[in-house]
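Residue-level listing of the chains:
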Amino acid sequence: MKPEMVIKIAVDFGMTVVLLLLMTYERVGQAVHEWLGVFIFILFVLHHVLNRAWWRNIRKGRYTALRIFQSVLVAGVLLAMAGSMISGVILSRSVFAFLPIRGGRLLARGLHMVSAYGGFILMSLHLGFHWVMMIGIAKKHLKKDTAAYKWFFRAVAAVIAVYGAYAFVKRDIGSYMLLISHFAFFDYEEPLILFVLDYISVMGLFVFAGHYITVWLRMMQKGQKGKRKQNR
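Let me sum up the structure you'll find in this document. As the structure is a computational prediction, the values presented were derived from the model and not from experiment.

Time to look at the overall build of the protein. When helices and strands are tallied, the protein shows 9 helices and 0 strands. Listing every helix and strand of the protein by position from the N terminus yields α-α-α-α-α-α-α-α-α. Taking the principal axes of its C-alpha atoms as reference, the protein extends roughly 65 × 40 × 40 Å. Pairs at least 24 residues apart make up 77% of the contacts formed inside the protein by residues separated by at least 6 positions. Carbon together with sulfur atoms contributes 71% to the accessible area of the protein, which is approximately 14,600 Å² in total. Of the side chains in the protein, 28 bear a positive and 10 a negative charge, and the two mean positions are spaced by 21 Å.

Now for the packing of helix α1 (residues 3-22) against helix α2 (residues 30-50). Contact geometry of α1 with α2 gives a least axis separation of 9 Å together with a crossing angle of 150 degrees. Accordingly, the angle class assigned to the pair α1 and α2 is roughly antiparallel. α2 is crossed by α1, and the crossing has left-handed handedness. For the pair formed by α1 and α2, the contact residues are Glu 4, Ile 7, Lys 8, Val 11, Asp 12, Gly 14, Met 15, Val 18, Leu 19, Leu 21 and Leu 22 on the first element and His 33, Leu 36, Gly 37, Phe 39, Ile 40, Leu 43, Phe 44, Leu 46, His 47 and Leu 50 on the second. Grouping the amino acids of the contact of α1 with α2 by side-chain chemistry returns 14 nonpolar, 4 polar and 3 charged.

Here we come to the nonpolar core. Counting residues in hydrophobic clusters, the biggest one holds 38 residues, and the most contacted among them are Tyr 117, Phe 120, Ile 121, Tyr 199 and Val 202. For this core, the secondary-structure elements that each account for two or more residues are α1, α2, α4 (65-91), α5 (105-129), α7 (147-170), α8 (173-177) and α9 (192-231). With 8 residues, α9 is the single largest residue contributor to this core. Excluding anything up to four places from it in sequence, Phe 120 contacts Leu 19, Leu 20, Met 23, Tyr 199, Val 202 and Met 203.

Running from N to C, α4 and α5 point in directions that differ by 150 degrees, and their axes come no closer than 7 Å. Crossing hand, α4 versus α5: left-handed. Taken together, the residues of the contact of α4 with α5 sort by class into 16 nonpolar, 10 polar and 2 charged.

One pass over the structure, following the stated rule, counts 11 aromatic pairs. On the numbers, 4.8 Å between centres and 50 degrees between planes, the contact of Phe 208 with Tyr 212 is tilted. Here Phe 208 pairs with Tyr 212, and both are found in helix α9, just 4 residues apart, close to one helical turn. By way of ring pairs, the aromatic residues Tyr 25, Phe 120, Phe 186, Phe 195 and Tyr 199 are connected into one cluster. Here Arg 67 stacks its cationic end above the ring of Tyr 63, 4.0 Å away from the centre of that ring. Positioned above the aromatic ring of Trp 151, the side-chain terminus of Arg 154 is 4.8 Å from the ring centre.

Rules behind the numbers
Residues numbered from 1 in each chain as written. Predicted model: local features only at pLDDT ≥ 70, side-chain atom pairs only at ≥ 80, totals over all residues. Heavy atoms only, no water. Helix = DSSP H or I, 4+ residues; strand = E, 2+ residues; numbered from the N terminus. Contact = heavy atoms within 4.5 Å. Areas by Shrake-Rupley, 256 points an atom, 1.4 Å probe, with all protein chains shown as cover. Lys, Arg positive; Asp, Glu negative; His and termini not counted. Charge placed at Lys NZ, Arg CZ, Asp CG, Glu CD. Axes fitted to C-alpha atoms, helices over the stretch in contact; angles between N-to-C directions. Parallel < 35°, antiparallel > 145°, perpendicular 65-115°, else oblique. Left-handed = near helix turned anticlockwise from the far one by under 90°. Nonpolar A, V, L, I, M, F, W, Y, C, P; charged D, E, K, R; others polar. Core = buried A, V, L, I, M, F, W, Y, C linked by side-chain atoms within 4.5 Å. Buried < 20%, exposed > 50% of the residue type's maximum accessible area, 1.4 Å probe, protein only. Phe/Tyr/Trp six-rings, centres within 6.5 Å; stacked < 30°, edge-to-face > 60°. Lys NZ or Arg CZ within 6 Å of the ring centre and 35° of its normal.

By themselves, these observations are geometric and do not establish any function.
Below, the structure is given as structure tokens:
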């Protein structure tokens, strides 16, 4: 594997871990939460620097349904990150407390909640879009690549996705995304590991969804190419 690819995977893995820790919010403390926000922003910028070729080619080529799906996800994640950072700076009580910002906290709180939870879902879908690449890397390192292995991992993924749907409802994530609830509820008596595992499963649900949407769009694209060849 090329060094640049290793760095890309390390950055993406780091972003995933930090994203999950960010969802714990007050369970890890206000100051830690803010520093995690700064760290994920740095990783986010580094991710786009490493993938600058995608930006160079954004105006080139034909926009298929698959490419449109990817572009919408990227745009959504960018908006969510921008919303999280701007509102995070306004709400900061530690890292950016030195800035002379007055007012706007109520609006910033709503923006932060929508951006944080919406960004979590969009980033998970975006990860699912690239899951084919992760499967390809895993295949190279597995000694066996049998039908039994494939169905085993598919079954595990399906179980995670089903539990993720339950955890999504249980944790009221939809109400936070849509700002139906203006404050996130945290049970401080609950072991932190259980909270994180629920969010891992929710992430798994949307990675699963993103992956199979991508697979379906690829199949559609291949079918359209086949029809064009037949019509020539």
